[in-house]
Amino acid sequence: MARKPADQTVDREDILSAAAEIFRHKGYEATTMKDIAAKVNLTAASLYHHFRNKDFLLLNVLEGGLDIGIAELENIAASDLSNTEKLGQMIRYHVVSVAENVEFAAAMIFEVRPLLNASGGNRYGGAKLMEEFRARRSRFIARRDYFEGLFRNVLLGGICAGEFRQVDAPTVTRAMLGGHNWVSVWYSDGGRLSAEDVADVMVDTWLAALRVSD
């Protein structure tokens, strides 16, 4: 099948999904722009019409993974529910989102380090391109910290309200989110447990671990 030229319409989301899938199976370093272009039936040159280079493409994949469901998490965190109810709903929503978007969630585990080491430049770019990339990368890191903070603040609220026992909130929050993201590695659609079943297990386990003993 002939590859599509640059001026033919290609869905940007299809490119990001293809890139996330290939990153998941091959890793960022081993993946080439040619691999991604072939997945969406583009020429490699045409792919550069949509993304400056592989570093920018990775950044877009990670931004997409981070933004999945963040508005809903904000709504839950700002609601009038108890902290226990908030945390349960946030865990459930996050786990189901990860299970339904495994390629993007896996990138959040394995490809953040390559992002931190990336320069954003290439032989066609220069200082301006690298500066743009580093500014966007900084915004991504700040957004990731904000995402983590949504969970951490609810956890701290529960501790202050006496709903949860005293724990080190930053450590527990990172362990919790790490466990959620790791679902993307082992979860299989159509397997023994549905995404909702996995989420129920996660909610029950974390709330039981945090609940104040009678």
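Residues numbered from 1 in each chain as written. Predicted model: local features only at pLDDT ≥ 70, side-chain atom pairs only at ≥ 80, totals over all residues. Heavy atoms only, no water.

1. Structural notes on a negative patch on the surface
Together, Glu100, Asp189, Glu196 and Asp197 give the surface a local cluster of negative charge. Of the residues examined, Glu196 reaches a relative accessible area of 42% and is grouped as partly exposed. (Patch = residues over 30% accessible without salt bridge, like charges linked within 9 Å, V, L, I, M, F, W, Y side chains within 5 Å. Areas by Shrake-Rupley, 256 points an atom, 1.4 Å probe, with all protein chains shown as cover. Salt bridge = Lys/Arg side-chain N within 4 Å of Asp/Glu carboxyl O. Lys, Arg positive; Asp, Glu negative; His and termini not counted. Charge placed at Lys NZ, Arg CZ, Asp CG, Glu CD. Buried < 20%, exposed > 50% of the residue type's maximum accessible area, 1.4 Å probe, protein only.)

2. Focus on the pattern of salt bridges
One pass over the structure, following the stated rule, counts 7 salt bridges. Arg152 is paired through a salt bridge with Glu148; the nearest N and O atoms lie 3.3 Å apart. Taken as a pair, Arg152 and Glu148 lie in helix α9 (residues 127–160) at a separation of 4 residues, close to a single helical turn. The exposure class assigned to Arg152 is partly exposed, which follows from its relative accessible area of 24%. (Helix = DSSP H or I, 4+ residues; strand = E, 2+ residues; numbered from the N terminus.)

3. Quick notes on the packing of helix α5 (residues 70–77) against α9
What describes two packed helices is the angle between their axes and the distance between those same axes. Following both chains from N to C, one finds α5 and α9 inclined at 30°, their axes separated by 10 Å at the closest point. Looking at the two axes, α5 sits roughly parallel to α9. Between α5 and α9 lies a crossing of left-handed hand. Residues Ile70, Leu73, Glu74 and Ala77 of α5 form the contact with α9, whose own contacting residues are Arg143, Tyr146, Phe147, Leu150, Phe151 and Val154. Residues of the contact of α5 with α9, tallied by class, amount to 8 nonpolar, no polar and 2 charged. (Axes fitted to C-alpha atoms, helices over the stretch in contact; angles between N-to-C directions. Parallel < 35°, antiparallel > 145°, perpendicular 65-115°, else oblique. Left-handed = near helix turned anticlockwise from the far one by under 90°. Contact = heavy atoms within 4.5 Å. Nonpolar A, V, L, I, M, F, W, Y, C, P; charged D, E, K, R; others polar.)

4. Describing the packing of aromatic side chains
Throughout the structure, instances matching the rule amount to 4 aromatic pairs. Considering the side-chain rings of Phe110 and Trp182, the 5.6 Å spacing of their centres and the 55° angle between planes classify their relative orientation as tilted. Separated by 72 residues along the polypeptide, Phe110 in helix α7 (residues 102–110) and Trp182 in helix α10 (residues 169–186) bring together distant segments of the chain. Accessibility expressed as a relative area gives 40% for Trp182, which makes it partly exposed. Between Phe147 and Phe151, the ring centres sit 5.8 Å apart and the planes meet at 45°, which makes this aromatic pair tilted. Highlighted residues: Phe147 and Phe151, both in helix α9, separated by 4 residues, approximately one helical turn. Residue Phe147 is classed as buried on the basis of its relative accessible area of 8%. Given the relative accessible area of 1%, Phe151 is considered buried. The residue whose ring lies beneath Arg52 is Phe56, and the NZ or CZ to ring-centre distance is 5.7 Å. (Phe/Tyr/Trp six-rings, centres within 6.5 Å; stacked < 30°, edge-to-face > 60°. Lys NZ or Arg CZ within 6 Å of the ring centre and 35° of its normal.)

5. Considering the nonpolar core
By size, the foremost hydrophobic cluster in this structure holds 68 residues, and its most contacted members are Ile15, Leu87, Ile91 and Phe151. If you tally residues by element for this core, the top one is α9, at 10 residues. In this structure, Ile91 is in contact with Phe151, Met176, His180, Met202, Val203 and Trp206, ignoring residues within four places of it in sequence. (Core = buried A, V, L, I, M, F, W, Y, C linked by side-chain atoms within 4.5 Å.)

6. Points about a nonpolar patch on the surface
Side chains of Phe110, Trp182, Val185 and Trp186 sit close together on the surface and give an oily, nonpolar patch of about 410 Å² of accessible area. Broken down by element, the residue count for the nonpolar patch peaks at 3 residues, all from α10. On the basis of relative accessible area, Phe110 is assigned to the partly exposed category, the value being 43%.

7. Some points on the side chain of Arg137
Along the polypeptide, Arg137 turns up in helix α9. There is no salt bridge for the buried Arg137, and the closest opposite charge comes from Asp55, which lies 7.2 Å off by N-O distance. When neighbours within four sequence positions are excluded, Arg137 is seen to be in contact with Leu59, Leu115, Leu116, Asn117 and Ala118.

8. Brief notes about the packing of helix α4 (residues 54–67) against α9
Their axes nearest at 11 Å, the elements α4 and α9 cross at an angle of 20°. In terms of orientation, α4 lies roughly parallel with respect to α9. Crossing geometry of α4 relative to α9 is assigned as left-handed. In this structure, α4 uses Asp55, Phe56, Leu59, Asn60, Leu62, Glu63, Leu66 and Asp67 to contact α9, whose residues at the interface are Leu129, Glu132, Phe133, Arg136, Arg137, Phe140, Arg143, Arg144 and Phe147. Here the contact of α4 with α9 is built from residues that sort into 8 nonpolar, 1 polar and 8 charged.

Structural measurements only, silent on function.
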